[in-house]
Amino acid sequence: MFEEMKRRTGIGNVFDRVKNTDKEIKETKSGSEISAKEKNKERPCPKCKAPLLGRVVKANYYVCPVCGGYYRVHAYRRIEMIIDEGTFEEWNKEMPIVDPLHFPDYEHKVEETREKTNLNEAVVTGRGKIYGYDTVIAVCDNRYLMSSMGHNMGEKIALAVERATAERLPVIIYAASGGARMQEGMISLMQMAKTSAALKRHAKAGLLFVSFLTEPTTGGVTASFAMLGDIILAEPGALIGFAGPRVIEQTINQKLPEGFQRAEFQLEHGFVDQIVERRDQKEVLGTILKIHSGENNWQQWTQRGGEKPDHVNLLAGAASALAADPETLPPKSRRAPFSGTMRQVTLDKIDRRHQEPWDVVRQSRKSGRPTSMDYIETLFEDFQEFHGDRYFGDDGAVVGGVAFFGGMPVTVIGQERGRDSQDSVRRKFGMSNPEGYRKALRLMKQAEKFNRPIICFVDTPGAYPGMEAEERGQGEAIARNLFNMSDLRVPVLSIIIGQGGSGGALALAVSNEVWMMENATYSILSPEGFASILWKDAKKADEAAKVMKITAEDLYKLGTIERIICEDEPATAENLLQISEIIDRHMRNFFATCADKSPEELVNQRYDRFRNC
């Protein structure tokens, strides 16, 4: 435990790593080892200017232990930090100089740079392993003409991507560039289209591209391969933008605000999935490669019967009691995917509790009821949250990413209303803006590309009704989700865990099956709104809740949902594990049922489900 804390905090572990660094011998030109002279050389921090020994800087992953400032890292050093030792095979290391404009003194400048940096071009490409998973990697090095993109840099990236496509390998590119290489004119500009076209073919082959943005990523690199990743990661504080800050300031005659164009700015505005600290990058990339490796996909997983996660095994016995009734009773509603016995036991339990619909409404809204993140953290392993819609921003009312369900890769999306008052305000109590729905759809399309099932947790009073939401196309965003979810070629499951309010909930519930917690609601609008509109009296909300038929029991009988998750006691943090075990078991049955269906049959089942409403 202590060692893990030291690793996570970083600074506490610096001096342990310094001891290991001291044992190293002379540095080679690629930077794999460090000489005694280099170890004792002072390397001022790029931010706070603190004088630090080279060995201290290296031991802390080239991050200042005083202020956290990031040093720029050479390509071979980056590869050493990320790729498993002894597995890197460099590609296209030597390329002749290209001087298409015969620009004065350009060839001499390139030769000088090659001699000084021991690099043939501004990017190093090749193949290696990360925790045993094969990948193609390209790393830009801004020592070489500020890693500007000329013909050879574009060619090396395109060749690496083409070979990755042919060998069906993922691609990771560490971007760092000052933009186009001016001395090559329009030939430099053409590299933007060349690299983008190669990545399009790679994407059409169903293969993964991870873009990692480092300091600086600007100009034509930002406007081409750097922003085309299936997953876009960034280092803290990295400068990321199209036009450089000085160009912008000179053009608009204004001083730019603090943090403008930094990684954190890009995350907030929806263009970056995660900001990853340097010490965690190999681990995060390894998890992403494992999820996208193709092993243990949902068809294979269901054929093997799945794997049982440890955190729910302890409660398996308690949860199985739900189906313990030995007598087969006649079904009370339309045919559903769970047995008549289990269905009847669940409905009988709910009947015996004699809850009024308004009581269910209040329970669905109750503070302390588990949120989407609570269920995600309990049911899934190695959840990697991804951010942003790639157009405008990141909406905290929708969380989503990739994870493992008993060893099977899945995409998980949830409407998050917040765990405390401050968190709830930040997330607008689970009321999504258009960018939230667009983020969800982006992750769903990504899941379809990589053949991952999708699980959605629905919990929202409705879509956010603000003026800015309308300006950014709230209706269009919801409609686009309904349109695209209808023909996703992977299994889609939606679970309503709290409030399922109107179109804002339906936008995450166009699924093969929709389940509801016993104390959840699913409605055309709130009972208060219903009473105000039809009866001109919001105080009649309790009466409205009765006639609206918004409880799980009512909606099951109407045929709108497929399953009810029983709550012997209303869901809380105390019984979350027990309820999660019930959900876990039903999810396994759901995936087993889907395994018998082709992608076309999954689409048709979803179509028929809504066509028959």
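Residues numbered from 1 in each chain as written. Predicted model: local features only at pLDDT ≥ 70, side-chain atom pairs only at ≥ 80, totals over all residues. Heavy atoms only, no water.

1. Thoughts on the side chain of E567
One can find E567 in the loop between β15 (563-565) and α27 (576-594). Separated by 2.8 Å, the side chain of E567 and the backbone nitrogen of N519 make a polar contact. Excluding residues within four positions of it along the chain, E567 makes contact with R353, R369, M517, E518 and N519. (Helix = DSSP H or I, 4+ residues; strand = E, 2+ residues; numbered from the N terminus. Polar contact = N/O pair within 3.5 Å; in protein donor to acceptor, adjacent residues only side chain to side chain. Contact = heavy atoms within 4.5 Å.)

2. Here we look at the packing of helix α7 (residues 151-166) against helix α8 (residues 185-204)
The interhelical angle for the contact between α7 and α8, taken along N-to-C directions, is 10°, at an axis separation of 9 Å. On the basis of the axis angle, α7 is roughly parallel to α8. For the pair formed by α7 and α8, the contact residues are H151, G154, E155, I157, A158, V161, A164 and T165 on the first element and I187, Q191, K194, T195, A198, L199, R201 and H202 on the second. Considered class by class, the residues forming the contact of α7 with α8 number 7 nonpolar, 6 polar and 3 charged. (Axes fitted to C-alpha atoms, helices over the stretch in contact; angles between N-to-C directions. Parallel < 35°, antiparallel > 145°, perpendicular 65-115°, else oblique. Nonpolar A, V, L, I, M, F, W, Y, C, P; charged D, E, K, R; others polar.)

3. Remarks on the confidence of the model for the protein chain
Averaged over all residues, the pLDDT of the protein chain equals 88, while 87% of them reach at least 70. This stretch, residues 1-34, has a pLDDT under 50; its non-local contacts, to residues over four places away or in other chains, come to 57 contacts. In this model residues 311-337 is a low-confidence stretch, pLDDT under 50, and it forms 52 contacts with partners more than four residues away in sequence or in other chains. (pLDDT = per-residue confidence, 0-100.)

4. A short note on the pairing of strand β13 (residues 513-517)
The buried fraction of β13 amounts to 5 of the 5 residues, a majority that puts the element mostly inside the structure. By the alternation rule, side chains of β13 split into E513, W515 and M517 and V514 and M516, which are all buried. As paired elements, strand β12 (residues 492-501) and β13 share 4 bridges and run parallel to each other. Across the sheet, residue I495 finds its bridge partner in β13, namely W515. By the bridge criterion, 3 bridges tie β13 to β15 in an arrangement that is parallel. The residue of β15 that forms the bridge with W515 is R563. (Buried < 20%, exposed > 50% of the residue type's maximum accessible area, 1.4 Å probe, protein only. Pairing = 2+ DSSP bridges.)

5. What to know about a nonpolar patch on the surface
Together, I533, L534, W535 and V547 make up an exposed nonpolar region whose accessible area comes to about 390 Å². When residues in the nonpolar patch are grouped by element, the largest group, 3 residues, is from helix α24 (residues 527-535). As for its placement among the helices and strands, W535 is situated in helix α24. Its relative accessible area of 32% is what places W535 among the partly exposed residues. (Patch = residues over 30% accessible without salt bridge, like charges linked within 9 Å, V, L, I, M, F, W, Y side chains within 5 Å. Areas by Shrake-Rupley, 256 points an atom, 1.4 Å probe, with all protein chains shown as cover. Salt bridge = Lys/Arg side-chain N within 4 Å of Asp/Glu carboxyl O.)

6. Quick word on the pattern of salt bridges
If you walk through the whole model with that rule in mind, you get 37 salt bridges. For E476, the salt bridge is made with R480, and the minimal N-O distance between the two is 3.1 Å. Separated by 4 residues within a single helix, E476 and R480 lie in helix α22 (residues 474-485), roughly one turn from each other. Among the residues examined, E476 registers a relative accessible area of 37% and is labelled partly exposed. The class for R480 is partly exposed, based on a relative accessible area of 39%. Two residues, R609 and E562, come together in a salt bridge whose shortest N-O distance is 2.9 Å. Linking R609 in helix α28 (residues 599-611) with E562 in the loop between α26 (552-558) and β15, this pair joins segments that are 47 residues apart in sequence. You'll find R609 and E562 in the same group, each marked buried. Taken together, the shared-partner salt bridges connect E89, R127, K129, D134, R163 and E167 into one network.

7. Notes on the nonpolar core
Judged by nonpolar contacts, the single largest core of 124 residues is most densely connected at F225, Y375, F380, F457 and M587. The dominant element in this core, judged by the number of residues it contributes, is α27, at 8 residues. Discounting residues that sit within four places of it in the chain, F380 has contacts with Y375, A403, F404, F405, V410, V412, I455, F457 and M587. Grouped together as the second largest cluster of nonpolar side chains are 8 residues, C45, L52, C64 and Y71 included. (Core = buried A, V, L, I, M, F, W, Y, C linked by side-chain atoms within 4.5 Å.)

8. Section: unusual backbone geometry
Cis geometry marks the peptide bond from E215 to P216; its omega dihedral reads -15°. Position of P216 among the secondary structure elements: in strand β5 (residues 209-217). In this structure, L145 is a non-glycine residue whose phi angle is positive, near 50°. Its place among the elements puts L145 in the loop between β3 (133-140) and α7. For M146, which is not glycine, the phi dihedral falls at a positive 55°.

9. Considerations on the sheet that holds strand β2 (residues 123-130)
The strand order β1-β2-β3-β4-β5-β6-β7 describes an open sheet built from 7 strands, whose pairing is mixed. For this open sheet the edge positions go to β1 (89-91) and β7 (274-275), each flanked by a neighbour on one side alone. The sheet contact formed by strand β6 (residues 231-234) and β7 spans 2 bridges and is parallel. Within β7, the residue paired with L233 across the bridge is Q274.

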